[in-house]
Amino acid sequence: MKMAEFKNKRALLILALLGTVMAFLFFRVTFGLLFILSNGLIIYVLVVLCLRKRLWAYRLIGAAYLIFVGTFAGVEGYILKEADETGNLSDDYGAVLILGAGLKGEEPSKTLLSRLATGVEILKMREDLPVVVSGGQGPGESISEAEAMGRYLVGHGIDESRIIFEDASTNTYENMLYSRLVLEDRGLKEGKVLIVTNDFHLARSKILARDVGLDATGYAAPTPWFVRANYYIREYFAMVKTFLLGRGTLDR
């Protein structure tokens, strides 16, 4: 490769990197889009700049990247496989469990609204079941997620006597563990639990439910289209951490 050609390509790479950083800082590019842009840059570096030099170091980097791509495809395939689950509502459940997903002040996020709307539909079809609303209070939240969820359910016709509040959890693992404890306190742990969460979140939720001893089935709530790709990509990293540590601690 001629020196002038190499310098031109290096300049283009630097401009692309700067453009990505500026987009992230000034236009608040989502994690998913940043992930896609970053992978595009990696491929550019490996294919256009590195492999032509035939250096073993670059080939090793390329091999490592291919391994990453393989694991990403495998994990995302598993997430997508579990994402369509809608548990049979005629099964013998002991309780419904709705997982929190963030508030803006006291208002549920659009992701959480999707979970709550799905939960209301289920609870109106199964009026015999209690429901656990699970979620503590995080940064930028004026009340606990559980309290906001309970308000929503009551406002949409669910009797307050059916609602069990779990307001201490800060991540998905704690959602499962603390919900199991409150169910035990109420004498409701026997029987299958129907977990209501977004489609991208079902696979990890069921893994963690089993980890804490819950017999759980999932029921998928749709994810808003404008954040779907972002959440599915982020979920890969949360799943990897769950596989490695056995407990999920990333953002819900």
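Along every chain, residues carry numbers that run from 1 in the direction the sequence is written. Only residues with pLDDT of at least 70 get local features here, since the model is predicted, and only at 80 or more are side-chain atom pairs given and counted; chain-wide, interface and lining totals rely on the full set of residues. Calculation of side-chain values draws on the structure's entire complement of heavy atoms; hydrogens and water are dropped beforehand.

**Student:** So what exactly am I meant to see when it comes to the overall build of the protein chain here?
**Tutor:** In terms of regular secondary structure, the protein chain is built from eight helices and seven strands. Working definition: with a 1.4 Å probe on protein chains only, accessible area under 20% of the residue-type maximum means buried, over 50% means exposed, and in between means partly exposed. Within the span of the protein chain, comprising 252 residues, buried residues form 48% of the whole. Contacts are assigned to residue pairs that have any heavy atoms within 4.5 Å of one another. For the protein chain, contacts bridging at least 24 residues in sequence account for 73% of all contacts bridging at least 6. Accessible surface, the protein chain as shown: approximately 13300 Å² in total, 61% of it carbon and sulfur. For the purposes of this entry, the term helix denotes a DSSP run of H or I that reaches at least four residues, the term strand denotes a run of E that reaches at least two, and both are numbered from the N terminus. Note that accessible areas follow from Shrake-Rupley with a 1.4 Å probe, and for residues the cover is restricted to the protein chains shown.

**Student:** What am I meant to see in the pairing of strand 4 (residues 131-134) here?
**Tutor:** Each regular strand carries side chains that alternate between the two faces of the sheet. Along strand 4, one buried face is formed by V131 and V133 and the opposite face, lined by V132 and S134, is buried too. The pairing criterion is simple: DSSP has to find at least two bridges between the two strands. Across four bridges, the pairing between strand 1 (residues 93-99) and strand 4 is parallel. The residue bridging L99 from the neighbouring strand is S134, located in strand 4. Pairing geometry for strand 4 and strand 5 (residues 163-166), over four bridges, is parallel. Its bridge partner lying in strand 5, S134 is registered against E166. Here is how to tell: hold the view so the strands point away, follow the path from the first strand over the helix to the second, and if it runs clockwise the crossover is right-handed. Between the parallel elements strand 4 and strand 5, the chain passes through helix 5 (residues 145-155) in a crossover that is right-handed.

**Student:** Before we go on, may I ask you to explain the confidence of the model for the protein chain in this structure?
**Tutor:** Detailed reading of predicted coordinates is not advised where the pLDDT is low. The predictor attaches a confidence to each residue, called pLDDT, with possible values from 0 through 100. A residue-level look at the protein chain finds 73% of positions with pLDDT of 70 or above and a mean pLDDT of 83. Of all secondary-structure elements in the protein chain, the lowest mean pLDDT belongs to helix 1 (residues 3-26), at 53, while strand 4 reaches the highest, 98. Considering only residues more than four positions removed or in separate chains, one finds that residues 25-29, a stretch of pLDDT under 50, has five contacts. Contacts from residues 248-252, a stretch scored under 50 in pLDDT, to residues over four places away or in other chains number 23 contacts.

**Student:** When you look at helix 4 (residues 110-125) in this model, what are you seeing that I'm missing?
**Tutor:** Within an α-helix, residues lying three or four positions from one another point in the same direction, as the helix has 3.6 residues per turn. Each residue after the first adds 1.5 Å to the expected span of a helix. The terminal C-alpha atoms of helix 4, which comprises 16 residues, lie 23 Å apart, in line with the 22 Å expected from a rise of 1.5 Å per residue. Those residues of helix 4 that sit buried are T111, L112, S114, R115, L116, T118, G119, V120, I122 and L123.

**Student:** Can you help me understand the packing of helix 7 (residues 202-211) against helix 8 (residues 225-245) in this one?
**Tutor:** Angle between the axes and distance between the axes: these two values describe a pair of packed helices. Running from N to C, helix 7 and helix 8 point in directions that differ by 20 degrees, and their axes come no closer than 10 Å. Regarding the angle of helix 7 to helix 8, the classification is roughly parallel. Note that helix 7 runs across helix 8; the crossing there is left-handed. Between helix 7, through A203, R204, I207 and L208, and helix 8, the contact on the second element is made entirely by E235, A238, M239, T242 and F243. Gly is put with the polar residues, along with every residue not named as nonpolar or charged; the nonpolar set is Ala, Val, Leu, Ile, Met, Phe, Trp, Tyr, Cys and Pro, and the charged set is Asp, Glu, Lys and Arg. Residues belonging to the contact of helix 7 with helix 8 are distributed by class as follows: six nonpolar, one polar and two charged. Axis lines are fitted through C-alpha atoms, for helices just across the contact stretch, and the angle between N-to-C directions can take any value from 0 to 180 degrees. To sort the angles, those under 35 degrees are grouped as roughly parallel, those over 145 as roughly antiparallel, those from 65 to 115 as roughly perpendicular, and the leftovers as oblique. The sense of a crossing depends on the near helix, which, turned anticlockwise from the far helix by less than a right angle, makes the crossing left-handed and, turned clockwise, makes it right-handed.

**Student:** Help me understand the nonpolar core in this model?
**Tutor:** Counting 25 residues, the largest nonpolar core has V96, I98, L116, I122, V131 and L153 as its most contacted members. Aside from chain neighbours lying at most four places away, what touches I122 is L89, V96, L194, V196 and Y219. Core analysis: the next-biggest nonpolar cluster, separate from the first, contains 16 residues, L99, V182, L214 and A216 among them. Put simply, a nonpolar core is a bunch of buried Ala, Val, Leu, Ile, Met, Phe, Trp, Tyr and Cys residues held in one set by side-chain atoms that sit within 4.5 Å of each other.

**Student:** Is there a simple way to explain the side chain of S205 in this structure?
**Tutor:** Counting through the fold element by element, S205 comes out in helix 7. The residues contacting S205, other than those within four sequence positions of it, are L99, T172, M176, I195 and T197.

**Student:** How do you make sense of the pattern of salt bridges when you look at a structure like this?
**Tutor:** Just to be clear on terms, a salt bridge is a Lys or Arg side-chain nitrogen sitting within 4 Å of an Asp or Glu carboxyl oxygen. Across all of its chains, the model carries eight salt bridges by this definition. Among the salt bridges present, the one from E82 reaches K206, with a minimum N-O distance of 2.8 Å. Here E82 is found in helix 3 (residues 56-82), whereas its partner K206 is found in helix 7, with 124 residues between them in sequence. Among the residues examined, E82 registers a relative accessible area of 10% and is labelled buried.

**Student:** Which parts of the structure should I look at to understand the packing of aromatic side chains?
**Tutor:** Paired rings are identified among Phe, Tyr and Trp, the last through its six-membered ring, by centres lying within 6.5 Å, and are further divided according to the angle between planes into stacked (under 30 degrees), edge-to-face (over 60) and tilted (the rest). Under the counting rule described, the total for this entry stands at six aromatic pairs. When the centroid spacing of 4.8 Å and the interplanar angle of 5 degrees are considered together, the rings of F200 and Y231 count as stacked. Here F200 is found in the loop between strand 6 (192-198) and helix 7, whereas its partner Y231 is found in helix 8, with 31 residues between them in sequence. An aromatic cluster is defined as three or more aromatic residues linked by ring pairs; in this entry it consists of F68, F72, Y236 and F237.

**Student:** Where do I start with helix 7 in this structure?
**Tutor:** Along helix 7, eight of the ten residues are buried, which leaves the element largely enclosed by surrounding structure. Buried residues of helix 7: L202, A203, R204, S205, K206, I207, L208 and A209, and no others.

**Student:** Would you mind going over the sheet that holds strand 5 with me for this structure?
**Tutor:** Hydrogen bonds between backbone atoms are what pair the strands of a sheet, whose relative direction is either parallel or antiparallel. Read across the sheet, five strands follow the order 5-4-1-6-7 without closing on themselves; strand pairing throughout is parallel. Edge positions in the sheet fall to strand 5 and strand 7 (216-221), since each has one partner strand and no second. Each neighbouring strand pair of the sheet contributes to a mean axis angle of 25 degrees, computed without reference to strand direction. The strands that helix 4 touches are strand 1, strand 4, strand 6 and strand 7; relative to strand 6, the one it contacts most, it runs at about 145 degrees. Lying over the sheet, helix 5 contacts strand 1, strand 4 and strand 5, oriented at roughly 165 degrees with respect to strand 5.

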